[in-house]
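# Remarks on the overall topology
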Amino acid sequence: FIVMDFYIKKGATLPLLKMQVVKDGRSDYKSFMEDLETSTIYVSMKNVDDGLIKIASASADIVPLILPEGSDPEYYVYFKFTSRDTDEVGRYEGQFLVQNDDGDLILPIRDRLFINIQDSFVEKNECC
């Protein structure tokens, strides 16, 4: 399998965590991709060291990529962290859950997604 690493600073809300929804060998891929627009998407994240869940089924979103007419549709799932989501430095395994009438799909399909929260070298000043 392939490991995908995403990096964000402690307490940060950007960049967005995003992942392309790729073909998984389904014969009904085009229909599935069209159904994505009416799907419910969740993101979860657990600490790889202690197994504790940091994010449990938080709402995520999907956006289509604008392509030339006649092209197969492409979609990206994405999640915007809150500062609470990133308040603990560590390595986390993440996944997106796509739910629709056809069932559930867990992304990434063949890969593993790791979210790395790193210490920021800039100190935030407490104010007011």
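Before any of the text, the structure's been laid out above.
Conventions used here
- Residues numbered from 1 in each chain as written.
- Predicted model: local features only at pLDDT ≥ 70, side-chain atom pairs only at ≥ 80, totals over all residues.
- Heavy atoms only, no water.
- Helix = DSSP H or I, 4+ residues; strand = E, 2+ residues; numbered from the N terminus.
- Buried < 20%, exposed > 50% of the residue type's maximum accessible area, 1.4 Å probe, protein only.
- Polar contact = N/O pair within 3.5 Å; in protein donor to acceptor, adjacent residues only side chain to side chain.
- Contact = heavy atoms within 4.5 Å.
- Pairing = 2+ DSSP bridges.
- Phe/Tyr/Trp six-rings, centres within 6.5 Å; stacked < 30°, edge-to-face > 60°.
- Lys NZ or Arg CZ within 6 Å of the ring centre and 35° of its normal.

## Observations regarding the side chain of Ser39
Relative to the elements of secondary structure, Ser39 occurs in the loop between helix 1 (29–35) and strand 3 (40–47). A relative accessible area of 13% places Ser39 in the buried class. Only 3.2 Å separates the side chain of Ser39 from the side chain of Asn100, close enough to count as a polar contact. Beyond its immediate chain neighbours, meaning those up to four positions away, Ser39 contacts Val98, Gln99 and Asn100.

## So, the pairing of strand 4 (residues 53–65)
On a regular strand, each side chain points to the face opposite its neighbour's, so the side chains alternate between the two faces of the sheet. Here strand 3 runs beside strand 4; their pairing, made up of five bridges, is antiparallel. Bridge assignment links Ile41 to a residue of strand 4, and that residue is Ala60. The hairpin formed by strand 3 and strand 4 contains five residues between the paired strands, and Gly51 there has a positive phi angle of roughly 75°. Note that strand 4 and strand 5 (residues 74–79) share five bridges and pair antiparallel. Pairing of Ile62 across the sheet is with Val77, part of strand 5.

## Quick look at the packing of aromatic side chains
Counted according to the given criterion, the structure contains two aromatic pairs. Note on Phe6 and Phe81: the rings are 5.9 Å apart at their centroids and 25° apart in plane angle, and the pair reads as stacked. On the criterion of sequence distance, the pair formed by Phe6 in strand 1 (residues 3–9) and Phe81 in the loop between strand 5 and strand 6 (90–100) is long-range, its members being 75 residues apart. Here Phe79 and Phe81 contribute two aromatic rings whose centre-to-centre distance is 5.2 Å and whose plane-to-plane angle is 85°, an arrangement assigned as edge-to-face. The exposure classification of Phe79 matches that of Phe81, with both residues buried. By the ring-pair criterion, three or more aromatic residues cluster together here, those being Phe6, Phe79 and Phe81. Positioned above the aromatic ring of Phe114, the side-chain terminus of Arg91 is 4.1 Å from the ring centre.

## Some points on the side chain of Thr86
Along the chain, the position of Thr86 falls in the loop between strand 5 and strand 6. A relative accessible area of 0% places Thr86 in the buried class. Thr86 has contacts with Ile8, Lys9, Lys10, Gly11, Ala12, Phe81 and Ile117, leaving out every residue within four places of it along the chain.

## Some details on the environment of Thr82
For Thr82, the location among the structural elements is in the loop between strand 5 and strand 6. Residue Thr82 is classed as partly exposed on the basis of its relative accessible area, which comes to 39%. For the pair Thr82 and Leu14, spaced 68 residues apart in sequence, the C-alpha separation works out to 8.8 Å. Residues in contact with Thr82, not counting those within four places in the same chain, are Ala12 and Thr13.

## Some words on the pairing of strand 8 (residues 112–118)
The buried fraction of strand 8 is high, at five of seven residues. Note: strand 6 against strand 8, five bridges, orientation antiparallel. Residue Tyr92 lies in a different strand from strand 8, and its bridge partner there is Ile115.

## Some remarks on unusual backbone geometry
Across the junction of Leu14 and Pro15, the peptide omega takes the value 10°, indicating a cis bond. If you trace the backbone, Pro15 turns up in the loop between strand 1 and strand 2 (17–21). Here Leu107 and Pro108 are connected by a cis peptide whose omega angle stands at 0°. By the secondary structure assignment, Pro108 is in the loop between strand 7 (103–107) and strand 8. Not every positive phi belongs to a glycine, and Ser57 is a case in point at roughly 55°. Among the structural elements, Ser57 can be located in strand 4. Classification of Ser57 by relative accessible area gives partly exposed; the value is 44%.

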